[in-house]
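Breakdown of the fold
Each chain is listed here by its residues.
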Amino acid sequence: MAKSDRLHEAIRQYLISCRELNSFCSQNGWIENESLVFEVQAIEERSAVVAVRFTEVIMEGSGCVADRIACFGKLRLFFDEAGKVTAAESA
């Protein structure tokens, strides 16, 4: 696996379970992981800036889907020596 492939996989694994993406939700819905798309915009030695897009799913009180909202934002991700994402903040 190429270094860039490992980087993208580490980022994807982090993003599908991180809480920082919730700050981009507008209606307190849940993030549809299948819709998550990201683009690495800048890479530094121990961090990277990524632009993220995903669909926020809004539920009604009855448990039915009420709406789907496109969400987006930027995060700065921080890496440890092994290349694993350890933290994120809004960029």
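Residues numbered from 1 in each chain as written. Predicted model: local features only at pLDDT ≥ 70, side-chain atom pairs only at ≥ 80, totals over all residues. Heavy atoms only, no water.

So, the pairing of strand β3 (residues 65-79)
The test is simple: Two strands qualify as a pair provided that DSSP identifies no fewer than 2 bridges between them. Labels follow the DSSP assignment, with helices taken as runs of H or I lasting at least four residues and strands as runs of E lasting at least two, numbered in each case from the N terminus.
For strand β2 (residues 47-59) and β3, the ladder comprises 13 bridges, and the chain directions are antiparallel. Its bridge partner being in β3, Thr-55 is matched across the sheet by Ala-70. Here β2 folds back onto β3 in antiparallel fashion, the turn holding five residues, of which Gly-63 has a positive phi close to 95°. Strand direction decides the pairing type here: β3 and strand β4 (residues 85-90), joined by five bridges, are antiparallel. Each residue of the ladder has a partner; that of Phe-78, found in β4, is Ala-87.

Describing the pairing of β2
The side chains of a regular strand alternate between both faces of the sheet. Going by this rule: Only protein chains enter the area calculation, which uses a 1.4 Å probe; residues under 20% of their type maximum are buried, those over 50% are exposed, and those in between are partly exposed.
By the criterion of burial, β2 is predominantly enclosed, with eleven of the 13 residues buried. As judged from the nine bridges shared by strand β1 (residues 30-43) and β2, these two strands associate in the antiparallel manner. Note on β2: the bridge partner recorded for Ile-31 is Glu-56.

Digging into the state of the cysteines
Rule in force here: Cysteine sulfur atoms are paired as a disulfide whenever they come within 2.5 Å of each other.
Per the stated rule, a full pass over the model turns up zero disulfides. Residue Cys-25 stays outside any disulfide, its sulfur separated by 4.9 Å from that of Cys-71, the closest cysteine. A relative accessible area of 5% means that Cys-71 is categorised as buried.

Let's talk about the layout of surface pockets
One simple way to see leftover space: roll a probe sized like a water molecule over the atoms. We count it as follows: A 1.4 Å probe that fits into a set of points on a 1 Å grid over the protein atoms alone but cannot get out defines a cavity; an open set with protein on both sides within 12 Å along at least five of seven lines defines a pocket, and lining residues are those with an atom within 4 Å of a point. Grid points are joined across faces, edges and corners, and a volume is the space filled by probe spheres set on the points. Asp, Glu, Lys and Arg are counted as charged, while Ala, Val, Leu, Ile, Met, Phe, Trp, Tyr, Cys and Pro are counted as nonpolar; the rest, among them Gly, fall into the polar class.
Computed from the structure, the largest pocket encloses a volume of approximately 330 Å³. Lining the largest pocket we find 15 residues, and of these Lys-3, Leu-7, Glu-45, Phe-79 and Gly-83 sit closest to its centre. Of all the elements, helix α1 (residues 3-15) adds the most residues to the lining of the largest pocket, at four residues. Counted by class, the lining of the largest pocket contains four nonpolar, three polar and eight charged residues.

Some details on the pattern of salt bridges
Definition in use: Whenever a carboxyl oxygen of Asp or Glu lies within 4 Å of a side-chain nitrogen of Lys or Arg, that contact is scored as a salt bridge.
In the structure shown here, the tally under the stated rule is two salt bridges. Note that Arg-68 and Glu-32 form a salt bridge whose closest N and O atoms lie 2.7 Å from each other. Of the two residues, Arg-68 sits in strand β3 while Glu-32 sits in strand β1, which places them 36 residues apart along the sequence. Residue Glu-32 is classed as buried on the basis of its relative accessible area, which comes to 18%. Residue Arg-76 is joined to Glu-44 by a salt bridge in which the shortest nitrogen-to-oxygen separation is 3.6 Å. Of the two residues, Arg-76 sits in strand β3 while Glu-44 sits in the loop between β1 and β2, which places them 32 residues apart along the sequence. A residue is classified by how much of its surface remains accessible, and Arg-76, at 23% relative accessible area, is partly exposed.

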